[in-house]
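# Examination of the molecular architecture
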Amino acid sequence: MNPSMISASVTMGQLQKKLDTISNNMANSNTTGFKRREASFSDLLHQQVNNQGIPQHEGGRQTPDGLRVGAGARIAQTAVRMEQGSLQETERQLDLALTNPSHFFQIEVETDDGQEVRYTRDGAFYLSPSAGDAGQLNLVTANGDFVLGADGPVTIPADYTDIVISDNGVITVTGQDGADVEVGQLELVNVERPQLLTQAGDNAFALADNLEELGYDLADVLAVIAQADVSVRQGFIENSNVDLGKEMTDLLETQRAYQFNGQSISMADQMMGLVNNLR
Amino acid sequence: MLRGLYGSAAGMFTQQRRQEMLTENLANANTPGFKADRASIRTFPNMLIQAQNTSNLPPNRSHYVGELSPGAYLQERIPNFAQGDLNETGNNTDIALLQGNIPINEETGRAGALFFTVEHEDGNARYTRNGNLAVDGQGFLTTSAGHYILDTAGERIEVGNEQFTVNRNGVVSTAAGAEIAQIEVAFSEDPALLVKEGDGLLRLEADELDALPTAIGNDEISYQLQQGFIERSNVDAGQTMTEMMQAFRAFEANQKVLQAYDQSLDKAVNEVGRIG
């Protein structure tokens, strides 16, 4: 087969994956706290083809002997981009936005293997009756996963009249009697190496399953931040950091690249047709 | 056999190799730092043709008919090291190398080129222009394929996290402003001697050099490192497509010539040899 068909079709397959990434970003352009991913390309392995056994007959060369023939392009990385999304004011008591791009809320998610801590930037929280204590409510995400504070899941007395969450994440509840009670403290983590997180769906990030195998400690990836460094904004949510204009431009560019490669295949095909027509 | 038969077949091979090269360029039109290849096509060494059955002619030697070329082949794929255009991405891990004034090599008449230096598994340095970098799990600055970027001392650069800054000279600092290292920028007088290896890497194959000299401190060279920008591939898609059409038509023309030769042979076989 004409080798250009192979390199063009390999590249088309990889461009398709870039289109998948772009469309996932676009689909989540309205998802609270979503972080976009960006696919970037690298050229594939080059092999050397020697075209003549006698180098002294090859006069006037500018490059070392032989031809370097590549095999197309591939996606080198799809890096998650952590820049801050825009804040939108909602004036809702349980909407919290993080203002430092490397901070995350910790949530406790029920998985098949038991409970697992995951990390999210989606601060649209809700209250749900506590299973153990009828007088208490749990602070949960939209999926019902517990939001973790300094002492485990955050609970709030059911008979509250007002909730104030300070910029440092201290939750103060006003009771029926009008007295303010401090009921908890949000515990946030600072993610040092966001590329080691995986998107786990439901707006949450998880640690890679094989973190230890890869030789990393939890401490390499993230660390709990001191209360004084916590900064949350009550009454705001963080929009996704997807820029639709950029994604659309990338989409067009990728689609055209796909077409160019398709055109190369079709030309290689017609050339093979010409060979077949020799007889 | 008719000599031109092989000549036109060689022409078809050449144009197919050229089409493969152009496909490769198009496939990498979106690869950061990719340098497009150009084809150098050359004729095979000419043959001297002698007339047959003329040896009895005085002064007892045959007649030279003249030179004949047995066709052409694609001798070289020469990368074009011209600067690709810069695209702003805003990512801290994207660093574009913007060449300023580069001395012209007197031997080749072309300008040299600048590269990032990369540590390869085999211990030797590799060079790249793909500035789409990443921070690995240990906090080192790497290429997107995981090869370490080297500093002026030939050491890996530990940035810790993605919140680092790079100034125009390549000095890397932490978010707090502490200087970590300076990114090495290597200078090649004749970049055509670098061999493409895949993953955006280039290997030095010249015998007399094990590593490229540094561009830092060389007064004749000016450059800038631009953080948050990426150097795009220098493939011109429109021009490449046009050349591919040319390659296709040249292939087709050679096929027609081949068919014409076959028709001549057809006559020789079926008409010249006919009895009665």
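What comes next concerns the included structure.

### A short note on the overall build of chain B
- A count of helical and extended segments in chain B gives two helices and 18 strands.
- Against the compact-globule benchmark of 19 Å for 276 residues, chain B has a radius of gyration of 27 Å, which places it well outside the compact range.
- In terms of its C-alpha atoms, chain B occupies a principal-axis envelope of roughly 100 × 40 × 30 Å.
- Within chain B, the proportion of its 276 residues that are buried is 50%.
- For chain B, the proportion of contacts with a sequence separation of at least 24, taken over those separated by at least 6, is 67%.
- For chain B, the exposed surface amounts to about 13,200 Å²; the carbon and sulfur share of it is 48%.
- Where the 20 positive side-chain charges of chain B centre and where its 37 negative ones centre are 14 Å apart.

### Considerations on the interface of chain B and chain A
- In this assembly, 61 residues from chain B lie in contact with 59 residues from chain A.
- Both sides of the chain B and chain A interface together cover about 5,100 Å² of buried area, and 52% of this is carbon and sulfur.
- At the junction of chain B and chain A, the tally comes to three salt bridges.
- Here B:R232 ties to A:E253 by a salt bridge, and the two come within 3.0 Å at their closest N and O atoms.

### Remarks on the nonpolar core
Residues and elements named next belong to chain B.
- Residues I95, L114, I157, F164, I183, Y223 and L225 are the most contacted members of the largest nonpolar core, which totals 24 residues.
- For this core, the secondary-structure elements that each account for two or more residues are β6 (95-99), β7 (113-119), β9 (133-135), β14 (185-188) and β17 (223-227).
- Among the elements that line this core, the one with the most residues is β7, at three residues.

### Regarding the packing of aromatic side chains
- Tallying each qualifying case throughout the model produces six aromatic pairs over all chains.
- Taking the centre distance of 5.0 Å and the plane angle of 75 degrees together, the rings of A:F105 and A:F125 count as edge-to-face. Highlighted residues: A:F105 in strand β7 (residues 103-111) and A:F125 in the loop between β8 (114-120) and β9 (126-129), separated in sequence by 20 residues.
- Of the residues examined, A:F105 reaches a relative accessible area of 1% and is grouped as buried.
- By relative accessible area, A:F125 is classed as buried at 0%.
- With a centroid separation of 4.9 Å and an interplanar angle of 15 degrees, the aromatic rings of B:F44 and B:Y73 are classed as stacked. Taken as a pair, B:F44 in the loop between β1 (37-43) and β2 (47-50) and B:Y73 in strand β4 (residues 72-79) lie far apart in primary sequence, 29 residues in all.
- Taking the relative accessible area as the measure of exposure, B:F44 reaches 28% and is therefore partly exposed.
- The residue whose ring lies beneath A:R92 is A:Y126, and the NZ or CZ to ring-centre distance is 4.6 Å.

### A short note on helix α2 (residues 237-272) of chain B
- With 36 residues, α2(B) ought to run about 52 Å at 1.5 Å a step, and its terminal C-alpha atoms sit 51 Å apart, in line with that.
- Of the positions making up α2(B), those classed as buried are B:A237, B:T240, B:M241, B:M244, B:A247, B:F248, B:F251, B:N254, B:Q255 and B:L258.

### Comments concerning the packing of helix α3 (residues 244-276) of chain A against helix α1 (residues 3-27) of chain B
- Interhelical geometry of α3(A) versus α1(B) gives an angle of 165 degrees and a closest axis separation of 9 Å. Overall, the two elements α3(A) and α1(B) adopt an arrangement that is roughly antiparallel. Pair α3(A) / α1(B) crosses with left-handed handedness. For the pair formed by α3(A) and α1(B), the contact residues are A:F260, A:N261, A:S264, A:M267, A:A268, A:M271 and A:V275 on the first element and B:M12, B:Q15, B:Q16, B:Q19, B:T23, B:L26 and B:A27 on the second.
- Of the residues belonging to the contact of α3(A) with α1(B), the class tally is eight nonpolar, six polar and no charged.

### Section: the sheet that holds strand β14 (residues 162-165) of chain A
Residue and element names in this part refer to chain A.
- Within the open sheet, the three strands sit side by side as β14-β15-β16. Their pairing is antiparallel. Strands at the two margins of the open sheet, each flanked by one partner only, are β14 and β16 (180-185). The mean angle between the axes of side-by-side strands here comes to 25 degrees, regardless of whether they run parallel or antiparallel.
- Pairing analysis gives four bridges linking β14 to strand β15 (residues 170-174), with the strands arranged antiparallel. Within β15, the position partnered with I165 by the bridge is I171.

### Looking at unusual backbone geometry
All names here are of chain A.
- We note that E91 has phi near 60 degrees; this positive angle belongs to a residue other than glycine.
- Of note, E91 is situated in the loop between β5 (87-89) and β6 (96-98).
- Positive phi values are uncommon outside glycine, yet D202 reaches one of about 50 degrees.
- Inspection of the secondary structure assignment puts D202 in the loop between β18 (197-201) and β19 (204-207).
- A relative accessible area of 59% means that D202 is categorised as exposed.

### Let's talk about empty space enclosed by the protein
- All told, the structure shown has four cavities of 30 Å³ or more when counted by the stated rule.
- Its volume calculated, the largest cavity comes out at about 130 Å³.
- Around the largest cavity, the lining is made up of 15 residues, and of these A:D43, B:G33, B:F34, B:K35 and B:G200 lie nearest the centre.
- Classifying every residue of the lining of the largest cavity gives six nonpolar, five polar and four charged.

### So, the environment of A:K246
All names here are of chain A.
- Of note, K246 is situated in helix α3.
- Given the relative accessible area of 24%, K246 is considered partly exposed.
- Distance in space between the C-alpha atoms of K246 and I22 is 9.7 Å, their sequence separation being 224 residues.
- Discounting chain neighbours no more than four positions away, the residues touching K246 are R36 and E38.
- Side chain to side chain, K246 and D250 meet in a polar contact 2.8 Å long.

Rules of the game
- Residues numbered from 1 in each chain as written.
- Chains lettered and ligands numbered in written order.
- Predicted model: local features only at pLDDT ≥ 70, side-chain atom pairs only at ≥ 80, totals over all residues.
- Heavy atoms only, no water.
- Helix = DSSP H or I, 4+ residues; strand = E, 2+ residues; numbered from the N terminus.
- Rg over C-alpha atoms; globule rule 2.2 N^0.38 Å.
- Buried < 20%, exposed > 50% of the residue type's maximum accessible area, 1.4 Å probe, protein only.
- Contact = heavy atoms within 4.5 Å.
- Areas by Shrake-Rupley, 256 points an atom, 1.4 Å probe, with all protein chains shown as cover.
- Lys, Arg positive; Asp, Glu negative; His and termini not counted.
- Charge placed at Lys NZ, Arg CZ, Asp CG, Glu CD.
- Buried area = accessible area lost by both parts, 1.4 Å probe.
- Salt bridge = Lys/Arg side-chain N within 4 Å of Asp/Glu carboxyl O.
- Core = buried A, V, L, I, M, F, W, Y, C linked by side-chain atoms within 4.5 Å.
- Phe/Tyr/Trp six-rings, centres within 6.5 Å; stacked < 30°, edge-to-face > 60°.
- Lys NZ or Arg CZ within 6 Å of the ring centre and 35° of its normal.
- Expected span 1.5 Å × (residues − 1).
- Axes fitted to C-alpha atoms, helices over the stretch in contact; angles between N-to-C directions.
- Parallel < 35°, antiparallel > 145°, perpendicular 65-115°, else oblique.
- Left-handed = near helix turned anticlockwise from the far one by under 90°.
- Nonpolar A, V, L, I, M, F, W, Y, C, P; charged D, E, K, R; others polar.
- Pairing = 2+ DSSP bridges.
- 1 Å grid on protein atoms, 1.4 Å probe; cavity = no way out; pocket = protein on both sides within 12 Å on 5 of 7 lines; lining within 4 Å.
- Points joined across faces, edges and corners; volume = space filled by probe spheres on them.
- Polar contact = N/O pair within 3.5 Å; in protein donor to acceptor, adjacent residues only side chain to side chain.

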